[in-house]
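# Reading the structure
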Amino acid sequence: MAGLDEVGRGAWAGPLVVAAAALRAGDRHHDSLGQVRDSKQLSPIRRRELFESVAAACAGWAVGAASAAECDELGMSAAQRLAARRALAGLKVQPDALLLDGRWDFVSQPPGASNGGGGFDGSVRTVVAGDARCVSLAAASILAKVWRDGLMVQWSVRYPAYDFDRNKGYPCPRHRAALAAWGPSTIHRRSWAFMEHLPGAPGGERPAEQPRLADHR
């Protein structure tokens, strides 16, 4: 069984990320997961400290992402499905069942879709507040959050005006002020309503490099 959790859905910039974490049953590495909790309940420093032990406790883990451009083109629900498919495709183990945080099943075959729709065919269970109740979902939450935060810190070097190293692409007053002054960068989600009254991106800006759309071990 693997747990899947997403991060970045409410961000103004950067990718939507889904992590899949398949834990080893009865493995000694589970002793290191006693402090694993929903990533939102942990400080950034503690999340980074736990990252390697969480990864080591997994029989397999993978991260899939949908870029800001894909979020704009597909819509957030379809983008989350895409990121989940990429995460599952990157797992080196094939799970028979999945746990998903929340109420929405974003991995099963959509109703009416053809067999080539890319949905998961095994058992799927949704768990409300699952990243606070299930170790595999808490592990996926940490993997997704640390991976995405690291990517946004890298992009803060290229786009220093937006403070991505601090806000990780999420709404905050300084982020809003930077958008009002400079307009959106090429990693902002331009289809969102708050973008309508902003100035265009700075002239002469080079296209942004796309994120790695998957990471796995």
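Remember, it's a predicted structure, so these values are computed and weren't measured experimentally.

## Notes on the overall build of the protein
Scanning the protein for helices and strands turns up 6 helices and 6 strands. Moving toward the C terminus, one meets the helices and strands of the protein in the order β-β-α-β-α-α-β-β-α-α-α-β. Considering only contacts in the protein between residues 6 or more positions apart, those separated by 24 or more positions represent 67%. For the protein, the accessible area works out to roughly 10,600 Å², and carbon and sulfur atoms hold 51% of it.

## Comments concerning the environment of Ala 178
Here Ala 178 is to be found in helix 6 (residues 173–182). Residue classification places Ala 178 among the buried residues on the basis of a relative accessible area of 6%. Note: C-alpha distance between Ala 178 and Asp 163 (15 residues apart in sequence) is 8.6 Å. Beyond its immediate stretch of four places on either side in the chain, Ala 178 contacts Ala 161, Tyr 162 and Gly 183.

## Here we look at the pairing of strand 2 (residues 16–23)
The buried fraction of strand 2 is high, at 8 of 8 residues. Alternating residues of strand 2 divide into Leu 16, Val 18, Ala 20 and Ala 22 and Val 17, Ala 19, Ala 21 and Leu 23, and every residue in both groups is buried. Sheet topology note: the strand 1 (residues 2–7)/strand 2 ladder contains 6 bridges and is antiparallel. Paired with Asp 5 across the bridge in strand 2 is Ala 19. For strand 2 and strand 3 (residues 58–66), the ladder comprises 8 bridges, and the chain directions are antiparallel.

## Description of the pairing of strand 1
In terms of burial, strand 1 is a largely internal element, 5 of the 6 residues being buried. With 3 bridges connecting them, strand 1 and strand 4 (residues 97–101) associate as parallel partners. Looking at the pairing, Gly 3 lines up with Leu 99 of strand 4.

## Considerations on helix 4 (residues 135–158)
Between its first and last C-alpha atoms helix 4 spans 36 Å; for 24 residues at 1.5 Å apiece the expected length is 34 Å, and the two agree. Within helix 4, 18 of the 24 residues are buried, which leaves the element mostly enclosed by the surrounding structure.

## A closer look at the pattern of salt bridges
Applying the stated rule across the entire model yields 5 salt bridges. One salt bridge connects Asp 149 with Arg 47, and the closest N-O pair in it is separated by 3.8 Å. With a gap of 102 residues between them, Asp 149 in helix 4 and Arg 47 in helix 1 (residues 44–56) connect regions that are remote in the sequence. Since its relative accessible area comes to 10%, Asp 149 is described here as buried. A residue is classified by how much of its surface remains accessible, and Arg 47, at 8% relative accessible area, is buried. Linked by salt bridges that have partners in common, Arg 47, Lys 145 and Asp 149 make up one network.

## Brief notes about the nonpolar core
Val 17, Trp 61, Leu 143, Trp 155, Phe 164 and Ile 187 are the most contacted members of the largest nonpolar core, which totals 34 residues. Contributions of two or more residues to this core are made by strand 2, helix 1, strand 3, helix 4 and helix 6. At 10 residues, the largest contribution of residues to this core is made by helix 4. Within the second largest apolar cluster, 22 residues are counted, among which are Cys 71, Ala 79, Leu 100 and Val 107.

## Regarding the side chain of Asn 167
Secondary-structure assignment places Asn 167 in helix 5 (residues 164–167). Separated by 2.7 Å, the side chain of Asn 167 and the backbone nitrogen of Gly 169 make a polar contact. Setting aside chain neighbours within four positions, we find Asn 167 in contact with Tyr 162, Cys 172 and His 175.

What counts, and where the lines are drawn
Residues numbered from 1 in each chain as written. Predicted model: local features only at pLDDT ≥ 70, side-chain atom pairs only at ≥ 80, totals over all residues. Heavy atoms only, no water. Helix = DSSP H or I, 4+ residues; strand = E, 2+ residues; numbered from the N terminus. Contact = heavy atoms within 4.5 Å. Areas by Shrake-Rupley, 256 points an atom, 1.4 Å probe, with all protein chains shown as cover. Buried < 20%, exposed > 50% of the residue type's maximum accessible area, 1.4 Å probe, protein only. Pairing = 2+ DSSP bridges. Expected span 1.5 Å × (residues − 1). Salt bridge = Lys/Arg side-chain N within 4 Å of Asp/Glu carboxyl O. Core = buried A, V, L, I, M, F, W, Y, C linked by side-chain atoms within 4.5 Å. Polar contact = N/O pair within 3.5 Å; in protein donor to acceptor, adjacent residues only side chain to side chain.

Without other data, these values stay purely geometric and don't point to any function.
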